[in-house]
Amino acid sequence: MDIVSTQQRKKIHPHKFTLWVAIASMIMMFAGMTSAYVVKSNQAGWQEVVVPKIFWGSTVAIVASSLTIQMALRSFKQRAMSPYRLLLAITLILGILFIVFQWMGFFQLWEQQKVTLRGSGAGQFLYIIFGLHALHVLGGVIALLVMLMKAFFGKTKQYTAVPVELITTYWHFVDALWIYLMLFFLWVG
Amino acid sequence: MHANPEAIMAHEVQHDGHHVHHQSFITKYIFSQDHKTIGKQFLITGMIWAIIGGLFSVLFRLQLGFPGESFPILETVFGKTWAPGGTIKPEFYYALITMHGTILVFFVLTAGLSGTFANLLIPLQIGARDMASPFLNMLSYWFFFLASVVMMSSLFIQTGPAAGGWTVYPPLSALHDASIGSELGMDLWIVSIALFVVSTLMGGLNYISTVLNMRTKGMSMTRLPLTVWAVFFTAMIGVLSFPVLLSGLILLFFDRNLGTSFYLSDIVVNGQIMPNEGGSAILFQHLFWFLGHPEVYIVILPTMGIVSEVISVNSRKPIFGYMAMIGSLFAITTLSFLVWAHHMFVTGMNPLLGSFFVLLTLLIAVPSAIKTFNWLTTLWRGNIRFTPAMLFAIGFVSLFISGGLTGIYVGNSTLDIQLHDTMFVIAHFHLVMGVAAFFGMFSGIYHWFPKMFGRYLNPTLGYIHFWVTLVGAYLIFWPMHYEGLAGMPRRYLDKSPWVSFNQFGELDRMISIVAIIVFAMQLMFVFNFIYSIFKGRKVTTQNPWKANTLEWTTPIRPGHGNWPGEIPEVHRWAYDYSKDGRDFIPQTEPVGANEKIEH
Ligand code: HEM
Ligand SMILES: [Cu+2]
């Protein structure tokens, strides 16, 4: 008896669909956070921050990584494994770079602008919202790491693009989410 | 000779299952990926929680019914710290009501309910071998289990569990020093609920994508049983609202442990001024109720689906207004996101904003009424079989009406200024949500127990269970309306110092005694449940209720994969009862040449 769920699949692979619903869910979490920000920013005693420049570096890194992962997916589909491995590795490095930049940004905010966790202004929101986003990127980095291991050492004979497609979609999502958050802090913040 | 063909088939499947999967005890019963087993795990964990949560309510009812009286056994059980001299300490009382709410709303009526019936019914009723991702599904249970372990452990720490109410409003919840229940217990509460949210999301994702992607041939969306529609919308609500609670709890955690003050400002504790500045406690209420209100529909929607199904099957009539039932589920789902501030009418919100929320809130009465009328019309002139499941379904409708009507009272901001935080609100939501959802859940358990365990629950005990619980629930909660109208606050330890409330002393005593009886009745149900798993009357036919849905086309005890052969194909909706001179026509039966079909 075969209970593999994909057997019955319709137009869209169930796992992909699941990912899209999960993305909706993550969007709600960040929407909750940014709404809280808006509510608070209209109250007395609100403290602003200057968004550290280094976050532009993060932006470049993550946008570039979105490109490389898309290319990686294309290579995979063309069964060009060595460019696939290379592009995946670059994406991974860019992802790690992004997290490092975020860390440096936090550090600058803390050291130069002396924004600590005391209070409830834009700075505290920034730590939490960007931190939460970075955790999501970290999740992606771990997934990429696993994929990369498989690309190098795996002996799978089955050639399915689904896992690569899943991680690509997720990666584009954290990229888009970052752009939203960056714009949010620049304009609303 | 045992010549029952179905029994033989069932045997073969089990046999088969053993050979194909080589399941050990661990993979079969513990880390199982079979949706039916996971459903049972949710059910049994939920029942354990229900006993604990119910017991807590009996304890605080002792305090409310007999304030100041001493029950030496309490000191024996809970020790001197919590019940010195056999009376319940105020801190203990608050811990009890907080845990009662948390346990019943989240652990029993969310995880225990959705987890059980979404898992059991979605694959079986849509014709799938399992969920879209059986692995994620298993994880969903184990995250719930972890959440349970953490919450349970908070009951045993020295400072006790969270005690700021199930809504965990700051500042009580945000300051360690605010009260004894604000210490470690509150941190564990946050951690546990965070795990719980993860579990709910994993479950919900799976339910949604399974319903949309894994239906068998012929099972169009408009042929789905209403149970599936209901858990589908429930999952949508959960997936979109729980993350917002998580956001709120993350900020709360930072406030508590890392020095921020999102929710705190100008607070003095024991004469000491707290350093927190600039926060807003109301912000938390917004984030909480953005989940909190949808949450009440997460609790009620699955039972609405169960009740629709059980009423139709046992009236031997098609459900009245099938499309209207789906439409009203959709309307409730949408509106549930737009009314949260009706819990906050007295927070000083702009009255104009308040009146928008009044309007949207009262709009929910429309789809609720549509559903109610459709249940009643389905019952009307039906050929009713009063099984225990059916009685509980009818009881559900009664309770939903009684509690729903008072929703219209509290939904009016002008009236709510008087009624907010009184016993009236307690009466409202216990009838409409608490007891009604339990009735829906009982209905589902009595109805699908044969599918889960291959045996019946004892019906005589079922009838006793039903009547005592129904009468008891009304005796407990009806009088609370009068208390609330007289201004009696909820969550107060002792109201006897108020002369004006003395008139309710007798009433409160009666309520407490009935509560104990009703609780005992639930223990009897638990006994029936456990006894029947092993010793109940065996199911001997594949389709004991003569129902149309697909779960009754599986063997009596289906193995992993549900159907031994091909998955059946579907040719009609689930509600062809008493049609063309026939009692029922299963979904798998092809449409006759001259037959007119509904969907
Ligand atoms: C016509 C429909 C309904 C309306 C207009 C309505 C309105 C309200 C309002 C305004 C409150 C806040 C009262 C206050 O705190 O002062 C309330 C409380 C509550 N309602 Fe309803 N309600 C309706 C149906 C329901 C349903 C169907 C459920 C659950 C299935 C439900 C569950 C609750 C709960 C749990 C609370 C109390 C939460 C708490 O403060 O602890 N209500 N309702
Ligand atoms: Cu509400």
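Residues numbered from 1 in each chain as written. Chains lettered and ligands numbered in written order. Predicted model: local features only at pLDDT ≥ 70, side-chain atom pairs only at ≥ 80, totals over all residues. Heavy atoms only, no water.

Digging into the overall build of chain B
Right, on to step 1. Scanning chain B from terminus to terminus reveals 17 helices and 4 strands.
Right, on to step 2. Relative to a compact globule of 599 residues, whose C-alpha radius of gyration would be 25 Å, chain B shows 24 Å and is just as compact.
Right, on to step 3. By its C-alpha atoms, chain B is 80 × 50 × 45 Å across when sized along the principal axes.
Right, on to step 4. Residues counted as buried form 62% of the 599 residues belonging to chain B.
Right, on to step 5. Look at the contacts in chain B between residues 6 or more apart in sequence, and 79% of them connect residues 24 or more apart.
Right, on to step 6. When the accessible surface of chain B is split by element, carbon and sulfur atoms take 69% of a total near 22,300 Å². (Helix = DSSP H or I, 4+ residues; strand = E, 2+ residues; numbered from the N terminus. Rg over C-alpha atoms; globule rule 2.2 N^0.38 Å. Buried < 20%, exposed > 50% of the residue type's maximum accessible area, 1.4 Å probe, protein only. Contact = heavy atoms within 4.5 Å. Areas by Shrake-Rupley, 256 points an atom, 1.4 Å probe, with all protein chains shown as cover.)

Examining the site of ligand 1
All names here are of chain B.
Right, on to step 1. What surrounds ligand 1 is a group of 21 residues, the closest being Trp166, Asp416, His420, His428 and Arg490.
Right, on to step 2. Asp416 is positioned such that a nitrogen or oxygen atom in its side chain is 2.5 Å from an oxygen atom of ligand 1.
Right, on to step 3. A distance of 2.9 Å separates a nitrogen atom of ligand 1 from a polar side-chain atom of His428.
Right, on to step 4. Looking at the shell around ligand 1, the element that brings in the most residues is helix H15 (residues 423-453), giving 5 residues.
Right, on to step 5. Tallied by class, residues from the shell around ligand 1 come to 11 nonpolar, 8 polar and 2 charged. (Near = heavy atom within 4 Å. Polar contact = N/O pair within 3.5 Å; in protein donor to acceptor, adjacent residues only side chain to side chain. Nonpolar A, V, L, I, M, F, W, Y, C, P; charged D, E, K, R; others polar.)

With respect to the interface of chain B and chain A
Right, on to step 1. Listed as interface residues are 44 residues of chain B and, on the opposing side, 32 residues of chain A.
Right, on to step 2. Here chain B meets chain A over a buried area of about 3,300 Å², counting both sides, of which 69% is carbon and sulfur.
Right, on to step 3. Three residues, B:Leu205, B:Asn213 and B:Phe262, lead the burial of chain B against chain A; their summed loss comes to 17% of the area buried on that side.
Right, on to step 4. Counting across the interface, chain B meets chain A through 0 salt bridges.
Right, on to step 5. On the surface where chain B and chain A come into contact, there are 10 residue pairs in polar contact (both at pLDDT 80 or more).
Right, on to step 6. At the level of elements, helix H1 (5-21), helix H7 (184-213), helix H8 (226-257) and helix H9 (281-315) of chain B are the ones that each hand at least two residues to the side of chain B that touches chain A.
Right, on to step 7. A total of 9 residues in the side of chain B that touches chain A trace back to one element, the largest contributor, which is H8(B). (Buried area = accessible area lost by both parts, 1.4 Å probe. Salt bridge = Lys/Arg side-chain N within 4 Å of Asp/Glu carboxyl O.)

Topic: the coordination of the copper ion (ligand 2)
All names here are of chain B.
Right, on to step 1. The protein atoms that coordinate the copper ion (ligand 2) are His293 (ND1), His342 (NE2) and His343 (NE2), at distances spanning 1.9 to 2.0 Å.
Right, on to step 2. In primary-sequence terms, the residues that donate to the copper ion (ligand 2) follow H-x48-H-H.
Right, on to step 3. Distance-wise, the iron atom of ligand 1 is placed 4.6 Å from the copper ion (ligand 2). Here His293 is found in helix H9, whereas its partner His343 is found in the loop between helix H10 (322-335) and helix H11 (351-363), with 50 residues between them in sequence. (Donors = N, O, S within 2.8 Å, 3.2 Å for Na, K, Ca; no water.)

Quick word on the coordination of the iron atom of ligand 1
Right, on to step 1. A lone protein donor binds the iron atom of ligand 1: B:His428 (NE2), at 2.2 Å.
Right, on to step 2. In this structure, B:His428 sits in helix H15.

Some thoughts on the environment of A:Thr160
Residue and element names in this part refer to chain A.
Right, on to step 1. Here Thr160 is to be found in the loop between helix H4 (122-153) and helix H5 (162-187).
Right, on to step 2. With relative accessibility at 37%, the residue Thr160 sits in the partly exposed group.
Right, on to step 3. Thr160 sits 10 residues away from Lys150 along the chain, and the two C-alpha atoms are 13 Å apart.
Right, on to step 4. A polar side-chain atom of Thr160 sits 3.1 Å from the main-chain amide nitrogen of Val162.

A few points about the pattern of salt bridges
Residues and elements named next belong to chain B.
Right, on to step 1. Evaluation of the coordinates by the stated rule reveals 14 salt bridges over all chains.
Right, on to step 2. One salt bridge connects Arg572 with Asp576, and the closest N-O pair in it is separated by 2.7 Å.
Right, on to step 3. Across the salt bridge formed by Glu595 and Arg572, the nearest N and O atoms sit 2.7 Å from each other. Within this pair, whereas Glu595 is found in the segment after strand S4 (582-584), its partner Arg572 is found in the loop between helix H17 (505-535) and strand S3 (577-579), the two being separated by 23 residues in sequence.

Regarding a nonpolar patch on the surface
Residues and elements named next belong to chain A.
Right, on to step 1. Taken together, the side chains of Val38, Trp56, Val63, Ile179, Leu183, Leu186, Trp187 and Val188 make up a nonpolar region of the molecular surface, amounting to roughly 730 Å² of accessible area.
Right, on to step 2. Elements represented by at least two residues in the nonpolar patch include exactly helix H2 (54-77) and H5.
Right, on to step 3. The element contributing the most residues to the nonpolar patch is H5, with 4 residues.
Right, on to step 4. With a relative accessible area of 33%, Ile179 lands in the partly exposed category. (Patch = residues over 30% accessible without salt bridge, like charges linked within 9 Å, V, L, I, M, F, W, Y side chains within 5 Å.)

Digging into the confidence of the model for chain A
Right, on to step 1. This prediction gives chain A a mean pLDDT of 90; 92% of its residues lie at or above 70.
Right, on to step 2. Here residues 1-9 of chain A is modelled with pLDDT under 50, and outside its nearest four sequence neighbours on either side it reaches 26 contacts, counting other chains as well. (pLDDT = per-residue confidence, 0-100.)

Some details on the packing of H9(B) against helix H13 (residues 388-410) of chain B
If you want to describe how two helices pack, look at the angle between their axes and the distance between the axes.
Residue and element names in this part refer to chain B.
Right, on to step 1. Where H9 contacts H13, the axes come no closer than 9 Å and their chain directions differ by 130°. When the axes of H9 and H13 are compared, the pair comes out oblique. Judged by the twist between their axes, the crossing of H9 over H13 is left-handed. Mapping the contact onto sequence places Ile300, Thr303, Met304, Val307, Val310, Ile311, Asn314 and Ser315 in H9 and Ala389, Met390, Ala393, Phe396, Val397 and Phe400 in H13.
Right, on to step 2. Here the residues of the contact of H9 with H13 are counted per class, giving 11 nonpolar, 3 polar and no charged. (Axes fitted to C-alpha atoms, helices over the stretch in contact; angles between N-to-C directions. Parallel < 35°, antiparallel > 145°, perpendicular 65-115°, else oblique. Left-handed = near helix turned anticlockwise from the far one by under 90°.)

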